[in-house]
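Chains, contacts and geometry: an overview
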Amino acid sequence: MTSVALGVGVAASAGPAADAAEPRRPATARRAAAPLAVTPACSGHETPASIEGPLFKPNSPARGDLITPGIRGVRLDLSGVVYDTACKPLPETLIEFWQCDQNGDYDTSGFSLRGHQYTDSRGAYLLRTIIPRDYWGRWGQRAPHIHTQVQASGGPVLITQLYFPDDTQAYGRDFAALNAADRLLNRACTIGLSGPADDRYTGTFDFVITTKV
């Protein structure tokens, strides 16, 4: 894949930490690393879209591991499969991830906790990252979430946000209360989470996207 459709969003901004929004630009990436085992659960219903926010940055690094030396926080291994609406896995699908850190801050000068990858021959991806923290923004207090853009070759871009279960334990935060107060949260975009084990969570989320413009 050598080009990506424009991702347009309105958005949520906030001091040093906020969401993201500007046009998606072409990027070249290597394939995702071999993913963790996942349990396919395709409903055929498209994954709900969400806002992009004001802190999206184009031309992120091609990588599936966002744990760089300066990153601290509760580790998360997130894996899944990208399907079309007929529940067919989609190889070579571009997925962009960006998020804030354990303090609720986004990196606006570099590409910390930002990256993109392509799904493998089974339509699978694997992301190694941390659980982000909540923060205050234009839309009020945001629950912890991970931004994503997903696009099959030649198809439209799905822009959405992934959230965490109410019983998630990280940074001493009350995830149930944060989730309940976030008016942008969509429970259909909740990561399936297990753990923590050895100070690390394992998560799964399967995307369902349309391939027709």
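Anything mentioned here points back to the structure above.
Here the structure is a predicted model, which means the values were calculated and not measured.

Now for the nonpolar core. Residues Leu-78, Ile-131, Phe-207 and Ile-209 are the most contacted members of the largest nonpolar core, which totals 35 residues. Breaking this core down by element, the ones donating at least two residues are strand 1 (75–83), strand 2 (94–98), strand 4 (124–130), strand 7 (145–151), strand 8 (158–163) and helix 1 (175–181). If we skip the residues at most four places from it in the chain, Ile-131 touches Val-74, Leu-76, Gln-99, Phe-164, Thr-168, Ala-170, Tyr-171, Phe-175 and Tyr-201.

So, on to the pattern of salt bridges. With the rule as written, the count across this model stands at seven salt bridges. For Arg-200, the salt bridge goes to Asp-77, with nearest N and O atoms at 3.4 Å. Within this pair, whereas Arg-200 is found in strand 10 (residues 200–204), its partner Asp-77 is found in strand 1, the two being separated by 123 residues in sequence. Given the relative accessible area of 31%, Arg-200 is considered partly exposed. What makes Asp-77 buried here is its relative accessible area of 10%.

For Gln-102, the position within the fold is in the loop between strand 2 and strand 3 (114–118). According to the relative accessible area criterion, Gln-102 is buried, its value standing at 15%. A polar side-chain atom of Gln-102 sits 3.3 Å from the main-chain carbonyl oxygen of Arg-72. Those residues in contact with Gln-102 that lie beyond four places of it in its chain are Arg-72, Gly-73, Ile-130, Arg-133 and Tyr-171.

For the rest of this paragraph, the subject is the sheet that holds strand 8. Spatial ordering of the open sheet is given by 3-2-7-8, a layout of four strands whose pairing is antiparallel. Of all the strands in the sheet, the pair left with one neighbour each is strand 3 and strand 8. Along the sheet, successive strands turn relative to each other by an average axial angle of 20°, direction set aside.

The full count for this structure, using the stated rule, is six aromatic pairs. Here Tyr-125 and Phe-207 contribute two aromatic rings whose centre-to-centre distance is 5.9 Å and whose plane-to-plane angle is 50°, an arrangement assigned as tilted. Of this pair, Tyr-125 sits in strand 4 while Phe-207 sits in strand 11 (residues 207–208); the two residues are 82 residues apart in sequence, bridging distant segments of the chain. When sorted by exposure, Tyr-125 lands in the same class as Phe-207, which is buried. With centroids separated by 6.4 Å and ring planes inclined at 80°, the aromatic side chains of Phe-164 and Phe-175 adopt a geometry described as edge-to-face. With Phe-164 in the loop between strand 8 and helix 1 and Phe-175 in helix 1, the pair connects residues that are eleven residues apart, well separated along the chain. Taken together, the ring pairs in this structure connect Phe-97, Tyr-125, Phe-205 and Phe-207 into an aromatic cluster.

Moving on: the side chain of His-147. Position of His-147 among the secondary structure elements: in strand 7. Among the polar contacts made by the side chain of His-147, one reaches the main-chain carbonyl oxygen of Glu-52 at a distance of 3.4 Å. In this structure the side chain of His-147 is engaged in a polar contact, spanning 3.3 Å, whose partner is the side chain of His-145.

Turning next to the state of the cysteines. Across all of its chains, the model carries one disulfide by this definition. Across a sulfur-sulfur distance of 2.2 Å, Cys-42 and Cys-87 are joined as a disulfide pair. For the disulfide bridge between Cys-42 and Cys-87, the dihedral angle about the S-S bond is near -85°, and by the sign convention the bridge is left-handed. Of the two residues, Cys-42 sits in the segment before strand 1 while Cys-87 sits in the loop between strand 1 and strand 2, which places them 45 residues apart along the sequence. Its relative accessible area of 29% is what places Cys-87 among the partly exposed residues.

Criteria and thresholds
Residues numbered from 1 in each chain as written. Predicted model: local features only at pLDDT ≥ 70, side-chain atom pairs only at ≥ 80, totals over all residues. Heavy atoms only, no water. Core = buried A, V, L, I, M, F, W, Y, C linked by side-chain atoms within 4.5 Å. Buried < 20%, exposed > 50% of the residue type's maximum accessible area, 1.4 Å probe, protein only. Helix = DSSP H or I, 4+ residues; strand = E, 2+ residues; numbered from the N terminus. Contact = heavy atoms within 4.5 Å. Salt bridge = Lys/Arg side-chain N within 4 Å of Asp/Glu carboxyl O. Polar contact = N/O pair within 3.5 Å; in protein donor to acceptor, adjacent residues only side chain to side chain. Pairing = 2+ DSSP bridges. Axes fitted to C-alpha atoms, helices over the stretch in contact; angles between N-to-C directions. Phe/Tyr/Trp six-rings, centres within 6.5 Å; stacked < 30°, edge-to-face > 60°. Disulfide = S-S within 2.5 Å.

Treat this as a map of the structure, not an account of what it does.
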